[in-house]
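Analysis of the macromolecular model
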Amino acid sequence: MRSHLLNDTTAESYRRSVTEGIERVAAKLATTTRPFTGITVDALSPRIDAIDLDKPLLDTTAVLDELEDVYLRDAVYFHHPRYLAHLNCPVVIPAVLGEAILSAVNSSLDTWDQSAGGTLIERKLIDWTTARIGLGPVADGVFTSGGTQSNLQALLLAREEAKADTTAELRVFASEVSHFSVKKSAKLLGLGPDAVVSIPVDQDKRMHTVALARELERCRREGLVPMAVVATAGTTDFGSIDPLPEIAELCEQYGTWMHVDAAYGCGLLASVKYRDRIDGIERADSVTVDYHKSFFQPVSSSAVLVRDASTLRHATYHAEYLNPRRMVQERIPNQVDKSLQTTRRFDALKLWMTLRVMGADGIGRLFDEVCDLAAEGWKLLAADPRFDVVVAPSLSTLVFRYIPASVTDPAEIDRANLYARKALFASGDAVVAGTKVQGRHYLKFTLLNPETTVEDMSVVLDLIAGHAEQYLGESLDRAS
Ligand SMILES: *Cc1c(COP(=O)(O)O)cnc(C)c1O
């Protein structure tokens, strides 16, 4: 069994195994004609249930054959131009290469003595990101597993910086379409059930700053402490960007921590054309970025950045065996001092490879392309009487619903749209997402693939209309 350990004597078998696996994926990429096969849970689970994990196949090729059957054949493929559902991007090859290298070397980024150069590379990418944001000379940050963890850490720092006697007094302000990880974080941080104050949005789904001002004032009047305002730069549902400069003004006025959740909108940091859409982000105290959303990186790759490096001390604990306090004086860089995680992947390598091979403009142009595509999609939808479209895109999301000319009952229209989404998924021809707007069911394109064309969008809209009409036709039959 030692032949499976990666070391000097197995280098050749490592090369063969990994190449064989990569061959399978490459073949899959070359031949995939749909984003999904439409397999159901009931069809797939018996195949996985039937495998006895205590009876290994003892042969890599056989295991890859089996994997074809339980995973590769029926996986949801984000690289396909008709995958239009969630915030998943097709990934760039330099990042995938980085992924292969980082897992083989297996550095752990908690301490210098487990990573060496990895630590310095991560630090340089953090500095690159804070410079792109414009956070100033004492900014810092750390890579995380995702936006959820980044938001949690940012709010932890905000909680520790807030001047309050008890956590019960603390209030966090976020728009009604902010990410649910804000509420989850508040719970994890021991804040009260009313801690997160939901601020209404305007018709473009951006935080109403007049309402924010009113709530901040109310908070002060009631003797409560405004711990943080979470501005979203790219909401998950609409891609809308809260008015960052106005929010920054209010945060300054009320002495409140400003967190910008740019998990989605961070792609604009590399944009060649649309960087100005996130102007004001440089005034944040902390920022969440998900490179695995708009920098075309494989999951996971994310970071939390802070204006003032010293605030990261709120996440610092010293362990004699790992990162003793004296190492700080010796200027040994231990990233665990800044992180919620201990053992931690060298995810930064993927972004490093990407920037070194493609350059920031290369990534930014890809993101610009999907923003332009969304603008085209908006025109398509706005001109099509079969659809109602919600907001003009600030990033690359379109929210719309099918509105049949013959039906006026909104509940029936809801059912037709829900049916269309399910039927489309079951067909595997395309994958779209859904959400609710003012209590009604809508469909959603999240465009992150520069290979998607206007023609693709148009075809998928026709498919949706076809499925919805089929539902309505059958519904009429049922009624009569
Ligand atoms: C996706 C998203 C998150 C959560 O990020 P994960 O990487 O999925 O944990 C947080 N905020 C916003 C606005 C997001 O779109």
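Residues numbered from 1 in each chain as written. Predicted model: local features only at pLDDT ≥ 70, side-chain atom pairs only at ≥ 80, totals over all residues. Heavy atoms only, no water.

1. Details of the layout of surface pockets
Picture a little ball the size of a water molecule; that probe, rolled over the atoms, points out where space is still empty. Of the pockets and cavities examined, the largest pocket occupies roughly 1500 Å³. Around the largest pocket sit 39 residues that line it, and Val 25, Leu 29, Val 91, Val 96 and Pro 298 are the ones nearest its centre. Looking at the lining of the largest pocket, the elements that each hand over two or more residues are helix H1 (11–31), helix H3 (60–72), helix H4 (93–105) and helix H10 (291–294). For the lining of the largest pocket, the leading source of residues is H1, giving 10 residues. Built from parts of two domains, the lining of the largest pocket gets at least three residues from each of domain 1 (2–77) and domain 2 (98–358). Along the wall of the second largest pocket there are 27 residues; nearest its centre are Val 177, Ser 178, His 179, Thr 236 and Asp 237. Ranked by the residues each element gives to the lining of the second largest pocket, the list is headed by helix H6 (residues 147–161), at three residues. The residue inventory of the lining of the second largest pocket, partitioned by class, reads seven nonpolar, 13 polar and seven charged. (1 Å grid on protein atoms, 1.4 Å probe; cavity = no way out; pocket = protein on both sides within 12 Å on 5 of 7 lines; lining within 4 Å. Points joined across faces, edges and corners; volume = space filled by probe spheres on them. Helix = DSSP H or I, 4+ residues; strand = E, 2+ residues; numbered from the N terminus. Domains from an automatic or database assignment. Nonpolar A, V, L, I, M, F, W, Y, C, P; charged D, E, K, R; others polar.)

2. Comments concerning the site of the ligand
Taken together, 15 residues surround the ligand, and among them Gly 147, Thr 148, Asp 261, Asp 290 and Lys 293 come closest. Here Gly 147 contributes a backbone N or O atom positioned 2.8 Å from an oxygen atom of the ligand. The contact in question runs from an oxygen atom of the ligand to an N or O atom on the side chain of His 292, over 2.9 Å. Protein contacts shield 85% of the accessible area of the ligand, which totals 380 Å² for the unbound molecule. (Near = heavy atom within 4 Å. Polar contact = N/O pair within 3.5 Å; in protein donor to acceptor, adjacent residues only side chain to side chain. Areas by Shrake-Rupley, 256 points an atom, 1.4 Å probe, with all protein chains shown as cover.)

3. Brief notes about the domain arrangement of the chain
According to the domain assignment, the chain consists of domain 1 (2–77) and domain 2 (98–358). Between the C-alpha centres of domain 1 and domain 2 there is a distance of 36 Å.

4. What to know about unusual backbone geometry
For the bond from Val 299 to Ser 300, the omega torsion is 0°, close enough to zero to count as cis. Structurally, Ser 300 is set in the loop between H10 and strand S8 (302–306). In this structure, Asn 106 is a non-glycine residue whose phi angle is positive, near 65°. Mapped onto the fold, Asn 106 is located in the loop between H4 and helix H5 (117–133). Overall, the relative accessible area of 57% leaves Asn 106 in the exposed class. Phi is positive for Gln 438, close to 45°, though the residue is something other than glycine. With respect to the helices and strands, the residue Gln 438 is situated in the loop between strand S11 (431–437) and strand S12 (440–446). (Buried < 20%, exposed > 50% of the residue type's maximum accessible area, 1.4 Å probe, protein only.)

5. Digging into the sheet that holds strand S5 (residues 225–232)
Judged by pairing direction, the sheet is mixed, and its seven strands sit side by side in the order S2-S8-S7-S6-S5-S3-S4 without closing on themselves. Unpaired on one side and paired on the other, strand S2 (140–144) and strand S4 (196–199) mark the two borders of the sheet. Taking each pair of neighbouring strands and ignoring which way they run, the sheet shows an average axis angle of 20°. Where S2 lies against S8, five bridges are found, and the strand directions are antiparallel. Bridged to Phe 143 within S8 is Ala 303. (Pairing = 2+ DSSP bridges. Axes fitted to C-alpha atoms, helices over the stretch in contact; angles between N-to-C directions.)

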